[in-house]
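Structural characterization, general
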Amino acid sequence: MFLASKIFWLLAQPLSLAFFSVLIGFLLALRGRRRIGGFFGSLGLTVLFTSLFTTAGSYFLQILEDRFTRPSPEPAELSCIIVLGGAFENVVIAGRGGIELNQAAERFVETVRLAKAHPAARILVSGGDGSLSGGYAGDAEISRTFFEAFDIAPGRLIREEESRTTFENARNTKDLLNANGMERCALVTSAYHMPRSIGLFRSFGIDVMPWPADYRTSGNVRLGFDFTQPSLNAQLATTAAKEWTGLLAYYLLGRTQTILPR
């Protein structure tokens, strides 16, 4: 399932979809099937234009980010924190050493803040090597060095190093929570990723407190044209498409009870 999902997404992400649609349209036109070829070509150009020059990606990402908010006021006590991996540049670290963070760095920055504010809280880091090669250190493994740099004792960490997908995050985390007698933890992940994460954790009967981080939108995005930042628009459209696809796929596979948890 992991390999199939990786290959599917390589082909189905917006820019890939646009390219292959235009390519199929061109090949069909060469074979004299101009009407159907024109349809695929138009589809590809529409996907490309929407990704590059509209706020569609931001808008649909914002819908996901708005589903869950942090507790307000913040709890006076917190016994445990779960943080999902995906914030370390594993390939770069393997080649150059050190600690390199990507755009999802706020997941671990917020976890450090919570760990400092709640010194008795245990920290469960869930995340293995999600690459196709399987030849790199996962986030849970790397996190030990990261947290030590902020004077967080290794004894507070529980590392789940096998998961490669959000489904595996939830499944493997449940066993560790039960083994360590931990419950009602704060769940830290990217805000847009929180609905899918909550849906899966609920399906395993894990009661968590949503703690979104790593927001990508302002919260005031409206649908419209945007010709000022095509590369960023494409990036946000890809992230939104991947997350919505994941939500739909998990629901159709019976792994979550609703497409869009709240």
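The structure we're discussing is the one just above.
Residues numbered from 1 in each chain as written. Predicted model: local features only at pLDDT ≥ 70, side-chain atom pairs only at ≥ 80, totals over all residues. Heavy atoms only, no water.

**Some thoughts on the nonpolar core**
Ile-81, Phe-108, Ile-123, Val-125, Phe-147 and Val-188 are the most contacted members of the largest nonpolar core, which totals 25 residues. Elements represented by at least two residues in this core include exactly strand 1 (80–84), helix 6 (106–117), strand 2 (122–126), helix 7 (139–148), strand 4 (185–190) and strand 5 (208–213). With residues up to four places along the chain from it excluded, the contact list for Phe-147 reads Phe-108, Thr-111, Val-112, Ile-123, Val-125, Ile-152 and Leu-157. Ile-158, Leu-187, Ile-198 and Val-208 belong to the second largest nonpolar core, which has 20 residues in total. (Core = buried A, V, L, I, M, F, W, Y, C linked by side-chain atoms within 4.5 Å. Buried < 20%, exposed > 50% of the residue type's maximum accessible area, 1.4 Å probe, protein only. Helix = DSSP H or I, 4+ residues; strand = E, 2+ residues; numbered from the N terminus. Contact = heavy atoms within 4.5 Å.)

**Quick notes on the pairing of strand 1**
The buried fraction of strand 1 amounts to five of the five residues, a majority that puts the element mostly inside the structure. Taking every second residue as pointing to the same face, both faces of strand 1 are buried, with Cys-80, Ile-82 and Leu-84 on one and Ile-81 and Val-83 on the other. Relative to strand 2, strand 1 is paired through five bridges, and the arrangement is parallel. Within the sheet, the bridge partner assigned to Ile-81 lies in strand 2 and is Ile-123. Two elements, strand 1 and strand 4, share three bridges in a ladder whose sense is parallel. Its bridge partner being in strand 4, Ile-82 is matched across the sheet by Leu-187. (Pairing = 2+ DSSP bridges.)

**A short note on the sheet that holds strand 1**
Pairing within the open sheet is parallel, and its five strands lie in the order 3-2-1-4-5. On the outer flanks of this sheet lie strand 3 (157–160) and strand 5, each paired with one strand and no other. Along the sheet, successive strands turn relative to each other by an average axial angle of 20 degrees, direction set aside. Bridge analysis of strand 2 against strand 3 gives four bridges, and the strand direction is parallel. Residue pairing across strands places Ser-126 opposite Glu-160, the latter belonging to strand 3. Seen against the sheet, helix 6 touches strand 1, strand 2, strand 4 and strand 5 and runs at an angle of roughly 170 degrees to strand 1. (Axes fitted to C-alpha atoms, helices over the stretch in contact; angles between N-to-C directions.)

In short, geometric facts, not functional conclusions.
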